[in-house]
Each structure stands twice: as structure tokens, then as C-alpha cells.
Amino acid sequence: MVLSELLDRLFPLGHRIDQRDDVLTGTASTALGEVTVIGTANRLEVGVDHALALAATVIASTRAHPQRPIVMLVDTAGQRLSRRDELLGINGYFAHLAKALDLARRRGAALVSLVYGESVSGGFLSFGLMADAVYALPEAQVRVMDLRAMARVTKQPLEKLQALSQSSPVFAPGVENYVAMGAVRAIWRGDLARALIDALQAPREGDTRRALGAQRGGRTLAADVSAMVAAGDA
């Protein structure tokens, strides 16, 4: 879905969103009131300057309207792999963005992400995945690591990982697999404005991804193992 159509369907009451260097910042009107909007477009590879711009919008929203919801629109091919960004310490800029979002949450803002394009690697982990709940459109592409990259990192044959991806969502890209794992709460179809309102009104129950993954059969051990660790039994 093209961005202009997405914005009109999500915010039929109006929006004032600026797109600069494929970073989205601004506000929009909903039936529940104003929301702050941040995001990325055109499969942006998120670099230090983009992370700073996103964090600045979050901090300004938190300062002026501590409980105003923040909606994150995600279309990123991952972090920018450039010499400049690495020398500047891109991990620190991503941590700054993540901490800004955590501050907004602790001050009462609901955080909702919608993956409408791609969501890959660090560009997603420090941004969209920081939400209270992540949603996606049916055509979205979600993957933390390509299987070829995973093979290089784990030293496992690509063919083995490809075979595992047929039976285990943990190894497989695709939005349906991330729904099964609980990382994506649900796929939005039809009335997107209504879906957003429902998401903003949903109870904030903490991190439910492990429980959802167990219920949906995508991550069968994560919830039990984390409970054992928390109880000191592991």
C-alpha cells in the first residue's frame, strides 16, 4: 500500500505528517484525539541522523503531551551499513531512540506500531518493535535476519536452515510467521482507522509476546523458560 493511501485510511479525520529524507514525523487526528506519528518510508535504511530525528519527535511529544499516543509506521530495510554511521556509533543512537520511546511509555503514552512495508534487523528492533503492540498489513514483509545471513552467522548450512524454516516460524521470514511467534499481535484488514482505535484502546498488559507465541504454536518454550528463569529455577 502506498504511503498516501495508508495515511488517509488510518487517519480519515486528518493528518499533518512531514516526510523528510524518508523519515515521517507529525501528528494526526483520530476519534480518540490527537496522536503523534513517527515512521519510515521507501524501505529506509535507518542511520544516525534518522534515529536522532525520530527520537527528537518522541521527546518533544513526551514533553508537551506526556500521555499522547505514539503511532509508528514501519517500512525499513534495516540499519544503515555505512562507515560514517558505524564510526559515529550507530548503536548508541539506536539506544537513544529506544530510551526515548521507553520514557514515553513510562509517562503514560500508548505505543502502537504498524508494519506497512518491510521491517528488517536493527532498523526495526530499536524502533517499531519497541511498541506495546506491533501490527502489520497483509502484504508486509517482516524478518530480523535473512536466512543467508543467518547461515553465515551460525555456521549452519543454508539448506538446513531452509528446511527448518518449513516447520519452525522462528527460522522463517514472513508476516504470518511473526504472528505465530507473537511478535506481531494481528494483521489489519479492512477498516484501518477502526483497527487503530481498537489497538489504542486495548488494555496495556505488558509484554505478551511469549504467551501469544505459546498459544499460537510459534514459540513453544519461550514463556516456560522465561518463567523458570524469573523464578530462579533455571
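Residues numbered from 1 in each chain as written. Predicted model: local features only at pLDDT ≥ 70, side-chain atom pairs only at ≥ 80, totals over all residues. Heavy atoms only, no water.

- With an unreviewed UniProt entry as reference, the protein chain is termed Biotin-independent malonate decarboxylase subunit gamma, source organism Pseudoxanthomonas winnipegensis.

1. Thoughts on the pairing of strand β7 (residues 133-136)
- In β7, alternate side chains face the same way, and those of Ala133 and Tyr135 on one face and Val134 and Ala136 on the other are all buried.
- The pairing of strand β6 (residues 111-120) with β7 spans 4 bridges and is classified as parallel. Bridging from a neighbouring strand, Val112 pairs with Ala133 of β7.
- Relative to strand β9 (residues 186-187), β7 is paired through 2 bridges, and the arrangement is parallel. Following the sheet pairing, Ala136 is matched in β9 by Ile187. (Buried < 20%, exposed > 50% of the residue type's maximum accessible area, 1.4 Å probe, protein only. Helix = DSSP H or I, 4+ residues; strand = E, 2+ residues; numbered from the N terminus. Pairing = 2+ DSSP bridges.)

2. Some words on the environment of Gly117
- Examined against the element boundaries, Gly117 turns out to sit in strand β6.
- A residue is classified by how much of its surface remains accessible, and Gly117, at 15% relative accessible area, is buried.
- Gly117 sits 35 residues away from Ser82 along the chain, and the two C-alpha atoms are 22 Å apart.
- If sequence neighbours within four positions are ignored, Gly117 has contacts with Val74, Asp75, Ala140 and Gln141. (Contact = heavy atoms within 4.5 Å.)

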